[in-house]
Structures are given as structure tokens and as C-alpha cells.
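# Understanding the architecture of this molecule
Chain by chain, the residues run as shown.
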Amino acid sequence: MSFTGKKFPSIAVNAMNEMGETIQINVLEEAVKNNKKVLLFWYPKDFTFVCPTELHAFQEALAEFEKRNTVVIGASVDTAEVHFAWLNTPKDQGGIEGVTYNILADSNRNLSSVLGILDAQETVHHEELGVDLLVGDNVTYRATYLIDEEGTVFHEGINHMPLGRNVQEFLRMIDAYAHVQQHGEVCPANWEEGKEAMSANRDGVAEYLAAH
């Protein structure tokens with residue numbers, strides 16, 4: 001199910017903060033109550049391989065997101081305790097020590113199930129036991145959601161497990177959406193901050209294409 005153009009689900013989830021405390025976060029409320037955009041990125045598992053490179057990449061760009069009034073939140077289906085252990089593991093040992101943003105611990109899979117981003121979507125029937133068994137680890141793909149100040153999703157995307165994300169592309173999309181909000185123009189292909197946008201009408205696209 002796609003949530004683009006719709007309100008993000010209002011579900012409270014356990015999370016680990018930088019102080020090592022287990023807290024509850026409702027992503028929709030984080031956006032609406034604080035009047036901020038939210039970037040929520042899911043990754044498959046703690047203590048794995050591509051995942052720590054992404055968490056460190058988002059951390060390195062945290063100041064750029066903050067300049068854009070955007071809160072970064074990580075998420076997986078690991079427990080808060082596992083997050084805590086990983087946060088206390090040095091970077092040169094595959095850990096995420098130094099990451100300061102909150103990380104959701106959706107261990108009951110309530111939110112990830114609603115979003116439809118778990119890898120175990122199929123079942124096989126076990127004849128002897130008479131039950132259906134999940135196929136897969138029941139962890140999330142690399143899903144990313146950009147949510148505006150009203151709680152509406154303006155971007156969502158899903159990468160397969162081996163493919164890490166480009167953090168700069170999310171900054172570009174936030175810039176583009178902010179331009180739309182502020183100026184009422186639309187942003188064409190490959191638009192970047194400072195480049196020309198266009199009016200969303202026949203004359204606007206004609207003028208833009210004639211100039212490019």
C-alpha cells in the first residue's frame with residue numbers, strides 16, 4: 001500500500017534515544033506537533049553490513065537536515081535493547097557509536113506491517129503441523145518516507161536489502177518540496193536548489209522546455 005499523498009499512520013512505537021532511554025515515538029505527531037518535516041528511514045537489521053554505513057551517512061548529514069527543519073528518525077524491527085548495544089559499539093567494529101537521532105524499535109512489527117515493508121509477505125503451509133509459516137526473516141526493506149509538517153507523505157521509496165541509499169537525494173527532494181510550498185511552482189527533472197522551477201500550466205512547461 002502506498003502512503004504518498006496520504007497521512008502517515010498514527011502509531012506509537014518504542015524507540016531508543018541518544019541517552020540510552022527507551023521512549024515512545026509517534027512519527028505523525030513528531031511532524032504535526034513540532035511543525036517539522038520528518039525523514040524516516042527503515043533498515044533490515046542491527047549488526048549487519050550496509051546498515052551501519054547508512055546510519056553514519058545520515059548522522060554526517062544531520063546538520064543539513066536540521067537546517068531544512070527536518071527531523072531524522074531511523075527504524076528497524078530490532079528491540080530497543082539491541083539498538084542500545086549497537087549504539088555502544090565503536091564504528092571501527094561495525095557499530096553506530098556517535099549516532100544521535102532516535103531509532104524506532106518496531107519489534108512487534110505494528111508499524112512496519114501497516115506500511116507493508118516487511119520481507120515476509122508470503123507463507124507456506126506446513127502439512128504435518130497444519131499451520132502457515134512465513135517465508136523470509138520478517139525484517140524490513142530499506143524503506144524511506146518524507147513527511148511534511150501536516151503529516152502528509154510527500155515521498156516514499158523502497159530499496160532491496162543490498163542497496164544503500166543516497167542521502168543527498170533526500171536533501172534535494174526536501175529542498176524541492178520546500179520550494180513548492182513556498183513559491184507554488186513545480187520542480188522539473190533534476191531540479192536542485194537555485195535552479196529554475198516552473199509554473200504548473202501549459203505556458204509554464206512551454207517556457208521551461210524552450211529555455212532548456
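Model, not experiment: these values are computed from the prediction.

## So, the pairing of strand β2 (residues 22–26)
- As paired elements, strand β1 (residues 12–16) and β2 share five bridges and run antiparallel to each other. What sits directly across from Met16, in β2, is Thr22.
- Linking β1 back to β2 in an antiparallel pair, the connection comprises five residues, with Gly20 at a positive phi of about 80°.

## Quick word on the confidence of the model for the chain
- In this model, the chain carries a mean pLDDT of 97, and residues with pLDDT of at least 70 account for 100%.
- Least confident of the elements in the chain is strand β6 (residues 122–126), whose mean pLDDT is 92; most confident is strand β3 (residues 37–42), at 99.

## A short note on the pairing of β6
- The pairing of β6 with strand β7 (residues 131–135) spans five bridges and is classified as antiparallel. Within β7, the residue paired with His125 across the bridge is Asp132.
- From the end of β6 to the start of β7, which pair antiparallel, there are four residues, and Gly130 there has a positive phi angle of about 70°.

## Focus: the pattern of salt bridges
- Enumeration over the complete set of coordinates arrives at 10 salt bridges.
- The partner of Lys33 in a salt bridge is Glu29, with the nearest N and O atoms 3.7 Å apart. Of the two residues, Lys33 and Glu29 both sit in helix α1 (residues 27–34), four residues apart, roughly one turn of that helix.
- On the basis of relative accessibility, which here comes to 33%, the residue Glu29 falls in the partly exposed class.
- In this structure, the salt-bridge partner of Glu149 is Lys37, at a minimum N-O distance of 2.8 Å. A residue pair is termed long-range when its members are at least 10 positions apart, and Glu149 in the loop between β8 (142–147) and β9 (153–159) and Lys37 in strand β3 qualify at 112 residues.

## Topic: helix α4 (residues 80–87)
- Along α4, the positions that sit buried rather than exposed are Ala80, His83, Trp86 and Leu87. One side of α4 carries all its buried residues, which in axial view fall inside an arc of 120°.
- Tucked into the core, α4 has its buried residues touching β1, β2, α2 (50–60), β4 (70–76) and β5 (103–105).

Conventions adopted
- Residues numbered from 1 in each chain as written.
- Predicted model: local features only at pLDDT ≥ 70, side-chain atom pairs only at ≥ 80, totals over all residues.
- Heavy atoms only, no water.
- Pairing = 2+ DSSP bridges.
- Helix = DSSP H or I, 4+ residues; strand = E, 2+ residues; numbered from the N terminus.
- pLDDT = per-residue confidence, 0-100.
- Salt bridge = Lys/Arg side-chain N within 4 Å of Asp/Glu carboxyl O.
- Buried < 20%, exposed > 50% of the residue type's maximum accessible area, 1.4 Å probe, protein only.
- Arc of directions from axis to C-beta.
- Contact = heavy atoms within 4.5 Å.

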